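Architecture and fold: a report
For reference, the chains in residue letters:
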Amino acid sequence: MEQSIFNTELTTNSNNIIHSMARWSRFLGIVFIIVAALILIGGLGAFFYAGISQSEMLDALGSVPQYAWLANVPSYAIAIIIVITSILTGFVGYLYYALGKNGITYFNTQEEVAFEKTFQNAKQIFLLTSIVSSIGILITIMSMIAFL
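The written sequence of each chain sets the order in which its residues are numbered from 1. Since the coordinates come from a predicted model, pLDDT governs what is reported: local features require at least 70, and pairs of side-chain atoms require 80 or more to be given and counted, while whole-chain, interface and lining totals use all residues. Computation of side-chain values covers all heavy atoms of the structure but excludes hydrogens and water.

**Here we look at helix 4 (residues 76-109)**
Taking 1.5 Å of rise per residue, the 34 residues of helix 4 would be expected to cover 50 Å, and the 49 Å separating its terminal C-alpha atoms lies within 8% of that figure. Segments assigned H or I by DSSP are reported as helices when at least four residues long, segments assigned E as strands when at least two residues long, and all are numbered from the N terminus. Where helix 4 terminates, the next one or two residues include Gln110, which has phi positive at roughly 60°. Multiply 1.5 Å by the residue count of a helix minus one, and that product is the helix's expected span.

Shown next, in the form of structure tokens:
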């Protein structure tokens, strides 16, 4: 039977670092999922049960020159943005939780599959957060240029 390179290359210190990272990732996953639920419940609750109607709010923002384009935005678009934000936050929470679960499994069993899944989840987290951050930076730059 062939011996895995991971059994010979990772030191006890490396395994302990992976275990520590996995515990924190699992904690962050739980926090992200709770925040996603709060965004969904709080955001939609405030949106639908606010004292001011959505059309009044958009009209008020539309009277400000910088936000005049908001007068043409349908009111349900804000609810869709809240739901999308909640879904993305919950998905990142799930990825963090899965990363932590696989890291702890690797620490306990030293299985190569769990090691690979741990870093596949980390790759997905980095990729997703990089894309979302890039979109946010692009929107910020475009807004800054538009307001000049």
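**Points about the nonpolar core**
Residues belong to one nonpolar core when they are buried, are Ala, Val, Leu, Ile, Met, Phe, Trp, Tyr or Cys, and are joined through side-chain atoms within 4.5 Å. Three labels apply to residues, based on accessible area from a 1.4 Å probe with only protein chains included: buried if under 20% of the type maximum, exposed if over 50%, partly exposed otherwise in between. In this structure, Val92, Leu95, Tyr96, Leu99, Ala122, Ile125 and Leu128 together form the largest nonpolar core, which totals seven residues. Among the elements that make up this core, the one with the highest residue count is helix 4 (four residues). Residue contacts are defined here by distance: any two heavy atoms, one from each residue, within 4.5 Å place the two residues in contact. Apart from residues lying up to four places away in sequence, Ile125 is in contact with Leu95, Tyr96 and Leu99.

**Points about the side chain of Ser25**
Summarising the element assignment, Ser25 is placed in helix 2 (residues 12-49). For Ser25, the residues in contact, after removing those within four places along its chain, are Tyr96, Tyr97, Leu99 and Gly100.

**Things to note about the packing of helix 4 against helix 5 (residues 112-147)**
How two helices sit against one another is set out by the angle between their axes and by the gap between those axes. Comment: axis = line fitted to C-alpha atoms, over the contacting stretch for helices; angle = value between 0 and 180 degrees taken between N-to-C directions. At a minimum axis separation of 8 Å, helix 4 and helix 5 run at an interaxial angle of 155°. Classified by the angle their axes make, helix 4 and helix 5 are roughly antiparallel. In this structure, helix 4 crosses over helix 5, and the sense of that crossing is left-handed. Where helix 4 abuts helix 5, its residues Leu88, Phe91, Val92, Leu95, Tyr96, Ala98, Leu99, Asn102, Gly103, Thr105 and Tyr106 lie against Ala114, Phe115, Lys117, Thr118, Asn121, Ala122, Gln124, Ile125, Leu128 and Val132. Three classes are used: nonpolar for Ala, Val, Leu, Ile, Met, Phe, Trp, Tyr, Cys and Pro, charged for Asp, Glu, Lys and Arg, and polar for all others, with Gly counted as polar. Residues of the contact of helix 4 with helix 5, tallied by class, amount to 14 nonpolar, six polar and one charged. Here the angle decides the label: under 35 degrees means roughly parallel, over 145 means roughly antiparallel, 65 to 115 means roughly perpendicular, and every other value means oblique. Note on convention: the crossing is left-handed when the near helix lies turned anticlockwise from the far helix by less than a right angle, right-handed when the turn is clockwise.

From the geometry alone we can't say anything about function, so treat these as descriptive.
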